[in-house]
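Residue-level listing of the chains:
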Amino acid sequence: MIVKIVNKGHYTLWRLRRSHMNALRCVHALTILGNKNRYYMEKHIFEIKNLNIYYHDFQAVKNVSVAIPSYVITAIIGPSGCGKSSFLRSMNRMNDLIPNAKLTGEILFHGVNIYDPLISEVNLRRRVGMVFQKPNPFPFSIFANVAYGLKIQNIKDKAMIAERVEESLKRAFLWDEVKDRLKKPALELSGGQQQRLCIARALAVYPDTLLLDEPCSSLDPLATAKIEELLQKLKKEVNIIIVTHNLQQAKRISEYVGFFNSGELVDFGPTKEIFERSAQSMVGRYIQGIFG
Amino acid sequence: MFFSTALKKYNLQTNGPNAVFLILVMLSFCFAIAMLFMLLASIFYDGFLRLSWQFLTQFPSRNPQMAGILSSWVGSLYLMILTGIIAVPLGVGAAIYFEKYAKKNWFNHLMEINIGTLAGVPSIIYGLLGLALFVRIMSLDRSLIAGAFTLALLILPIIIISSREAIRNVPSFMQDGALALGATRSQVIKTIIIPLSFPGILTGVILSLSRAIGETAPLIAIGALTYIAFLPESILSPFTALPIQIFNWISRPQILFHHNAAAGIIVLISITLLLNMSAIFLRDRFDRKNSK
Ligand SMILES: Nc1ncnc2c1ncn2[C@@H]1O[C@H](COP(=O)(O)OP(=O)(O)OP(=O)(O)O)[C@@H](O)[C@H]1O
Ligand SMILES: [Mg+2]
């Protein structure tokens, strides 16, 4: 069974050899997610069918059906309040935490409906990480922040944790800036560094998808550029879905774009095509700043 | 001319009522401080000379010159420790339940109102409850543990209320960050909520203990002894406490006993002051640490 996952070929191959712990995790993931055959063959990481999200009586996401391709960056754009964050949160079931939020439809992750009663949302979130709009490192040390995801999985091996922290910080382009002060409080870092720390923290548990909700909206252009560069590198290892208000950013970094308007997914396709839509279409008008 | 009067800083028409109000609040402030000061001065005048090492290390005696507060301050100390051991887990546990698990239904709402009311119930009522429940029904007699249970009941509402406040102040984005890494609800409580609300909880605990240490009525109600010439050997031993000893001395006719009482009050006030100061100190220290 493990060999089959290795066949998947991506980053997984490399990380499976690192220690049997990871192998165990993947087996665990398989038992949660089942459906072994599709696991390594599929082209789509998420398949979403007739998704509706309601808050009380208000419908925030309306009948969205879409397949999100694997190992590319998918950007979600659209005017404020159109349901982008709600859509994103539904993919790692963070929306479950909002009282009065209700959801209908199916979201298949590796072919398995994550809203199936048998699926544990905790295990799902270990596979589908999330980075928030406002950097939210814990008020612990830098090291403890990155190690947090491992600690809650009851991993006690100090050497392994230290190794994983270093590796994650390197993957998040933060290692050189913090390697001499891992024991310092994370809140002493700059906003951009804090956001990369949050990315490192998410990467440390080896998610295979990263959901980012406007991760650069509170950062300056330089810090933003750094994160974009980082995402470009990371997309070879993890699937990335990013909500952004910055159309240039979507154009620069994403392969696919989904355009939301008042809860509906109006358009979805390769970035190039979307950005070449005519001025008659709704996306075209949004992109040219005519509405939104 | 008109403008110059209107813009003048002190003009009777606008500042008149202000000034009257200021004088009134100043007067009430001075009155409160003066009363407190007179009280303290008379106590120090009576009791200061009685303070000595001997006073702290001797048991009570018929001879006012020989009498000390050893059994009562040790009793108070044990009482506080036991009260804390009983009340803190119960209070913090209840606070966590209310903030994190309780559904918003009428029953829990009723409970909340109830706890708010209990915080204002006169302490003698708790004493009577303790007498019936612990001393009689559970036949713990007039033991340390019966006193501790009674005082624990007394401060439980305060601990619950202050702990809930502290827990509510933990930012939700911190909890979201942990949940998004795959933490379970109980892990979030253990690793995020309790550490981050700890200073607030501790402050509340110390302040409520400093209230409990001065409580006399409930201890008298459960029949704590006043004359004890030995130290408690176990939690089932009879005991006395500082406020009881003071109460006892004050009710004696001899003036020398009144001086002893004044000295006892100085000790009690010092302990309360020390506890309150340490609460403030801890809060400031953690605030600084967390705001970094
Ligand atoms: N917790 C909630 N309770 C009630 N309504 C909500 C809640 N969260 C979001 N909504 C509503 O759902 C709609 C979609 O919200 P969402 O946050 O998904 O929008 P968004 O596209 O992310 O907006 P923005 O670009 O401003 O972040 C909005 O109209 C919002 O008012
Ligand atoms: Mg949003």
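For clarity, every value in this text was computed on a predicted model and none was experimentally measured. (Residues numbered from 1 in each chain as written. Chains lettered and ligands numbered in written order. Predicted model: local features only at pLDDT ≥ 70, side-chain atom pairs only at ≥ 80, totals over all residues. Heavy atoms only, no water.)

Residues and elements named next belong to chain B. Residue placement: L231 occurs in the loop between α10 (217-221) and α11 (242-250). For L231, a relative accessible area of 33% puts it in the partly exposed group. Discounting residues that sit within four places of it in the chain, L231 has contacts with F59, L70, S71 and V74. (Helix = DSSP H or I, 4+ residues; strand = E, 2+ residues; numbered from the N terminus. Buried < 20%, exposed > 50% of the residue type's maximum accessible area, 1.4 Å probe, protein only. Contact = heavy atoms within 4.5 Å.)

Let us now look at the domain arrangement of chain B. Residues and elements named next belong to chain B. Splitting chain B by domain gives domain 1 (2-50) and domain 2 (55-291). Between the C-alpha centres of domain 1 and domain 2 the distance comes to 34 Å. Buried area between domain 1 and domain 2, both sides added, is near 740 Å², and the carbon and sulfur share of it is 68%. When the area that domain 1 buries against domain 2 is broken down by residue, the three leading residues are I43, D46 and R50, summing to 76%. Where domain 1 meets domain 2, there are zero salt bridges. Connecting domain 1 to domain 2 are three residue pairs in polar contact (both at pLDDT 80 or more). Taken together, the residues of the side of domain 1 that touches domain 2 sort by class into four nonpolar, one polar and two charged. (Domains from an automatic or database assignment. Buried area = accessible area lost by both parts, 1.4 Å probe. Salt bridge = Lys/Arg side-chain N within 4 Å of Asp/Glu carboxyl O. Polar contact = N/O pair within 3.5 Å; in protein donor to acceptor, adjacent residues only side chain to side chain. Nonpolar A, V, L, I, M, F, W, Y, C, P; charged D, E, K, R; others polar.)

So, on to the site of ligand 1. All names here are of chain A. What surrounds ligand 1 is a group of 13 residues, the closest being S80, G81, K84, S85 and S86. In this structure, an oxygen atom belonging to ligand 1 sits 3.2 Å away from a main-chain N or O atom of C82. G83 is positioned such that a nitrogen or oxygen atom in its backbone is 3.1 Å from an oxygen atom of ligand 1. Starting from 630 Å² of accessible surface for ligand 1 in isolation, the protein chains cover 65%. (Near = heavy atom within 4 Å. Areas by Shrake-Rupley, 256 points an atom, 1.4 Å probe, with all protein chains shown as cover.)

Once that is clear, we can look at the environment of B:K103. Counting through the fold element by element, B:K103 comes out in the loop between α4 (70-101) and α5 (106-118). Each C-alpha atom, one on B:K103 and one on B:I269, is 42 Å from the other, the two residues being 166 residues apart in sequence.

Turning to helix α10 (residues 191-203) of chain A, a few remarks are in order. With 13 residues, α10(A) extends 18 Å from end C-alpha to end C-alpha; this agrees with the ideal 18 Å at 1.5 Å per step. Burial within α10(A) is extensive, with twelve of its 13 residues counted as buried. (Expected span 1.5 Å × (residues − 1).)

As a further point, take the packing of aromatic side chains. Enumeration over the complete set of coordinates arrives at eleven aromatic pairs over all chains. Where A:F138 meets A:Y148, the ring centres are 4.7 Å apart and the plane angle is 55 degrees; that geometry is what we call tilted. Here the residue A:F138 occupies a position in the loop between β6 (128-131) and α7 (142-151), and A:Y148 occupies one in helix α7, the gap between them amounting to ten residues. Judged by relative accessible area, which is 0%, A:F138 ranks as buried. By way of ring pairs, the aromatic residues A:F138, A:F140 and A:Y148 are connected into one cluster. A cation sits over an aromatic face here: A:K134 above B:F173, 3.9 Å from the ring centre. The residue whose ring lies beneath B:R252 is B:F257, and the NZ or CZ to ring-centre distance is 4.3 Å. (Phe/Tyr/Trp six-rings, centres within 6.5 Å; stacked < 30°, edge-to-face > 60°. Lys NZ or Arg CZ within 6 Å of the ring centre and 35° of its normal.)

A separate point is the pattern of salt bridges. Proximity of charged atoms lets side chains of opposite charge pair with each other. Under the defined criterion, the tally for this structure stands at 15 salt bridges over all chains. Across the pair A:E237 and A:R171 runs a salt bridge, and its minimum N-O distance is 2.9 Å. A residue pair is termed long-range when its members are at least 10 positions apart, and A:E237 in the loop between α11 (221-234) and β8 (239-243) and A:R171 in helix α8 (residues 158-171) qualify at 66 residues. Assigned by exposure class, A:E237 and A:R171 land together as buried. With its nearest N and O atoms 3.7 Å apart, the salt bridge here joins A:E177 to A:K226. One end of the pair, A:E177, is in helix α9 (residues 175-178); the other, A:K226, is in helix α11, and 49 residues separate them in sequence. Residue classification places A:K226 among the partly exposed positions, given a relative accessible area of 31%. Look at the salt bridges and you will find they share partners, linking B:E99, B:E112, B:R164, B:E165 and B:R168 into a network.

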